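Residue-level structural notes
Below are the chains, spelled out letter by letter.
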Amino acid sequence: MKYTIALAFCMTISMSYAQRDWDNVEIKTEKVADDIYALFGSGGNIGLAVGADYAYLIDDQFAPLSDKIMAAVREKTDKPIKFLVNTHWHGDHTGGNAKFAKSGTVIIAHDAVRMRMATVQERGEGRSSQPSPYEALPKITYSDQLKIHLDSTRTMHIMHVNPSHTDGDSYIYFPESNVIHMGDNFSNGGYPYIDLNSGGDIDGFIRNHNMVLFLIDDETKIIPGHGPVTNRKKLMAYRDMLVRLRTRVKKAKSSGKTLEETLNLRLSSEWDDEFGQGFIDPTEIISSIYWSLDD
Ligand SMILES: [Zn+2]
């Protein structure tokens, strides 16, 4: 059961990759602050920041979309795309790396992102992802944090956070513009994917969300990894849901219940309509919390 989620993830990625009609994907751009945009297409949400000299990207979806993404960036700026930050290693956020690198952009990510992209990753039930080619790997890596100065006043803070979706997750925070990109630590509208094979952990989600809620205010624009741009109030409700769900699963597991018995309790039923209809269904969120708990 531990590997059901990873398997579902692999199948979703490979099936969707094969079946998707890339020609029909349209890249939509939403302004979230002065010179900061969110780009939506197929895969993880992209962030675009335009500085005094250069443009900067956060994540790059899938390789077949790179030309469309570059064209969407050109609608907003003709400055060169200097750096591109990966929020984590998954292919729907890093698929365009090689193409952007070839066009002169330097890829930046946490040490664990490069390590996982450079090596075979076990995905459960005998499945694995093969290493990415050298061209796709991040060329600047960090262990903790990094700051990019966009112009004389605005900055972009890249922060590694507690293992949650994976062990290489970063948030990208623009304090002066009051915007934060949370990667897949926040799937707005769906249960989170706790990638246990990549070091994911439910407690990390909750700790990271608490940190962000402390950091931001009611006016902050949150770019989630998936789903529409949102705000602090929505993140707080999401955090509360995760805390309650974790408490329930913990209680069941601590009392000696097996995973099957825990699933039969239908502990997430009150949130399933809102969060359980997409990529991570009720069985998967309960299972991943169950296996992610320490004892
Ligand atoms: Zn992901």
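Here's a quick rundown of the structure. (Residues numbered from 1 in each chain as written. Predicted model: local features only at pLDDT ≥ 70, side-chain atom pairs only at ≥ 80, totals over all residues.)

Reading across from one edge, E10-E11-E12-E13-E14 is the order of the 5 strands in this open sheet, with mixed pairing throughout. Strand pairing shows two members of the sheet lacking a second neighbour, strand E10 (145-149) and strand E14 (221-223), which therefore form its edges. Recorded for the sheet is a direction-independent mean angle of 15 degrees between the axes of neighbouring strands. Judged from the 5 bridges that link them, E10 and strand E11 (residues 155-160) form a sheet pairing that is antiparallel. Following the sheet pairing, Ile-148 is matched in E11 by Met-156. (Pairing = 2+ DSSP bridges. Helix = DSSP H or I, 4+ residues; strand = E, 2+ residues; numbered from the N terminus. Axes fitted to C-alpha atoms, helices over the stretch in contact; angles between N-to-C directions.)

The side chains of a regular strand alternate between the sheet's two faces. Most of strand E3 (residues 46-50) sits inside the fold, with 5 of its 5 residues counted as buried. On E3, burial covers both faces: Ile-46, Leu-48 and Val-50 on one face and Gly-47 and Ala-49 on the other are all buried. As paired elements, strand E2 (residues 36-40) and E3 share 4 bridges and run antiparallel to each other. Paired with Ile-36 across the two strands is Ala-49, which belongs to E3. Hairpin geometry of E2 and E3 is characterised by an intervening segment of 5 residues between the two adjacent antiparallel strands and by a positive phi of about 115 degrees at Gly-43. As paired elements, E3 and strand E4 (residues 55-58) share 4 bridges and run antiparallel to each other. (Buried ≥ 20, exposed ≤ 12 C-beta atoms within 10 Å, placed from the backbone.)

Let's shift gears to the packing of helix H7 (residues 232-254) against helix H10 (residues 282-292). The relative placement of two packed helices is expressed as an angle between their axes plus a distance between the axes. Taken N-terminus to C-terminus, the directions of H7 and H10 make an angle of 60 degrees; their axes are 10 Å apart at the nearest point. As H7 runs across H10, the sense of the crossing is right-handed. Within the contact between the two elements, H7 uses Leu-245, Arg-246, Val-249 and Lys-253 and H10 uses Ile-286, Ile-289 and Tyr-290. Of the residues belonging to the contact of H7 with H10, the class tally is 5 nonpolar, no polar and 2 charged. (Left-handed = near helix turned anticlockwise from the far one by under 90°. Contact = placed C-beta atoms within 7 Å. Nonpolar A, V, L, I, M, F, W, Y, C, P; charged D, E, K, R; others polar.)

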